[in-house]
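Breakdown of the fold
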Amino acid sequence: HLGNIIGCVLSADTFARYCRLRNWNTLYVCGTDEYGTATETKAVEEGLTPQEICNKYNAIHADIYRWFDISFDYFGRTTTPHQTTIAQDIFQRLLARGFLLQDTVEQLRCENCQRFLADRFVEGTCPFCSYEEARGDQCDKCGKLINAVELKNPQCKLCRSVPVVKPTQHLFLDLPKLEERLEPWLEQSWATGDWTANARYITRSWIRDGLKPRCITRDLKWGTPVPLDGFRDKVFYVWFDAPIGYLSITANYTDQWERWWKNPQQ
């Protein structure tokens, strides 16, 4: 929407143009983030497959940016073979280095739809502020992260049935392992960087409360497949998958993509 173009894309476009005028080596990429439950939900609403809904909105976005004359070097998407390859490679590296955990999760399952419900397929009352339209991952009113089973009066967004709680296995990023390394880095970054007051406050609250393991898999069909026995019927959670899109979109633009992302001296 217009606020996103003005607040994000247009400002980045202005900076990219400035960089080019200075003859700085510049690459300006963007794209549509296409995996996850938001896509599945929209596809159900419009009676299309997830791939069809992605094709439709990727074309709409691209047309709008062309109309605004946004100077992307490349406008891509996350539903590509490069995305699968790079995301699965990062996953395998995390696994090899001991940064992943397996755990059993209590999850909401809709017996009517015969499926475990991903976060955005659940709606209910926030357990913290009592907002009645909280999602299964976050409350848009108070901003707190939510475990879907904590919602009061949960409903399946697809059929409005009341889901039941059942166990399922998932993989987690072991974020507590990074705390000791993260804290000194943050102190240095706060001292030398240009963080907003809000970003500092939120980050400090996470560190103060202690980092928690973060789930990176979902019981969905539409996403990057998890390449590990016992989890091959699951996909990566979009918040693990989507940021990798910047790398894969660059890889779709140039086979020299790693020189843009693995060159800390420049």
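Every chain's residues receive numbers from 1 upward, in the order its sequence appears when written. For this predicted model, a pLDDT threshold of at least 70 governs which residues receive local features, and a threshold of 80 or more governs which side-chain atom pairs are given and counted, while totals over whole chains, interfaces and linings are taken from all residues. Heavy atoms throughout the structure, all of them, feed into the side-chain values; hydrogens and water do not.

1. Looking at the overall build of the chain
Heads up, the condition is: Strands here are runs of E lasting at least two residues and helices are runs of H or I lasting at least four, both read from the DSSP assignment and numbered beginning at the N terminus. For this measure, only C-alpha atoms enter the radius of gyration; the expected value for a globule follows 2.2 Å times N^0.38, where N is the number of residues. Exposure classes here rest on a 1.4 Å probe applied to the protein chains alone. A residue is buried below 20% of its type maximum, exposed above 50%, and partly exposed in between. Residue contacts are defined here by distance: any two heavy atoms, one from each residue, within 4.5 Å place the two residues in contact. Using the Shrake-Rupley algorithm and a 1.4 Å probe, accessible areas are obtained, with residue cover drawn only from the displayed protein chains. Charged residues are defined narrowly, with Lys and Arg counted positive, Asp and Glu counted negative, and His plus the chain ends left uncounted. Throughout, a charge is located at the NZ atom of Lys, the CZ atom of Arg, the CG atom of Asp or the CD atom of Glu.
In terms of helices and strands, the chain carries 9 helices and 11 strands. The C-alpha radius of gyration of the chain comes to 20 Å, within 12% of the 18 Å expected for a compact globule of 266 residues. Referenced to the eigenvectors of the C-alpha coordinate spread, the extents of the chain come out at roughly 60 × 45 × 40 Å. Buried residues in the chain amount to 40% of all 266 residues. Counting contacts in the chain only where the partners sit at least 6 residues apart, residues at least 24 apart contribute 65% of the total. Accessible surface computed for the chain: about 15900 Å², of which carbon and sulfur atoms make up 53%. Once the 32 positive and 34 negative side-chain charges of the chain are each reduced to a mean point, those two points are 1 Å apart.

2. Here's the deal with the sheet that holds strand S7 (residues 152-156)
Short version of the rule: In this scheme, strands are said to pair when DSSP sees at least two bridges between them.
Read from one edge to the other, the open sheet built from 3 strands follows the order S6-S5-S7, with strand pairing classed as antiparallel. A single partner strand is all that each edge strand has here, and the edge strands are strand S6 (134-135) and S7. Bridge analysis of strand S5 (residues 122-125) against S7 gives 3 bridges, and the strand direction is antiparallel. Counted as the bridge partner of Val122 is Cys156 from S7.

3. Overview of the sheet that holds strand S3 (residues 100-110)
Taken in spatial order, the 4 strands make up an open sheet running S4-S3-S8-S9, and their pairing is antiparallel. Bordering the open sheet on either side are strand S4 (115-116) and strand S9 (214-215), each of which pairs with just one other strand. Inspection of the sheet shows S3 paired to strand S8 (residues 164-173) by 10 bridges, in the antiparallel sense. Among the inter-strand pairings, Asp103 is bridged to a residue of S8, identified as His170.

4. A word on the nonpolar core
Keep this limit in mind: Nonpolar cores are built from buried Ala, Val, Leu, Ile, Met, Phe, Trp, Tyr and Cys residues. Side-chain atoms within 4.5 Å join them into one set.
By size, the foremost hydrophobic cluster in this structure holds 18 residues, and its most contacted members are Phe91, Leu171, Ile216, Val226 and Phe240. Looking at this core, the elements with two or more residues in it are helix H4 (81-96), S8 and helix H8 (245-253). Those residues in contact with Ile216 that sit more than four places away from it in its chain are Phe91, Leu100, Leu171, Phe172, Leu173, Val235, Phe236, Tyr237 and Phe240.

5. What about unusual backbone geometry?
The phi torsion at Asn23 lies on the positive side, around 65 degrees, for a residue other than glycine. Inspection of the secondary structure puts Asn23 in the loop between helix H1 (2-21) and strand S1 (29-32). A residue is classified by how much of its surface remains accessible, and Asn23, at 70% relative accessible area, is exposed. The residue Gln114 is not glycine, and still its phi comes out positive at about 55 degrees. By secondary structure assignment, the location of Gln114 is in the loop between S3 and S4.

6. Some words on the side chain of Thr39
For Thr39, the position within the fold is in helix H2 (residues 37-46). Each residue touching Thr39, except ones within four places of it in the same chain, is listed here: Glu34, Pro50, Ile53, Cys54 and Trp222.

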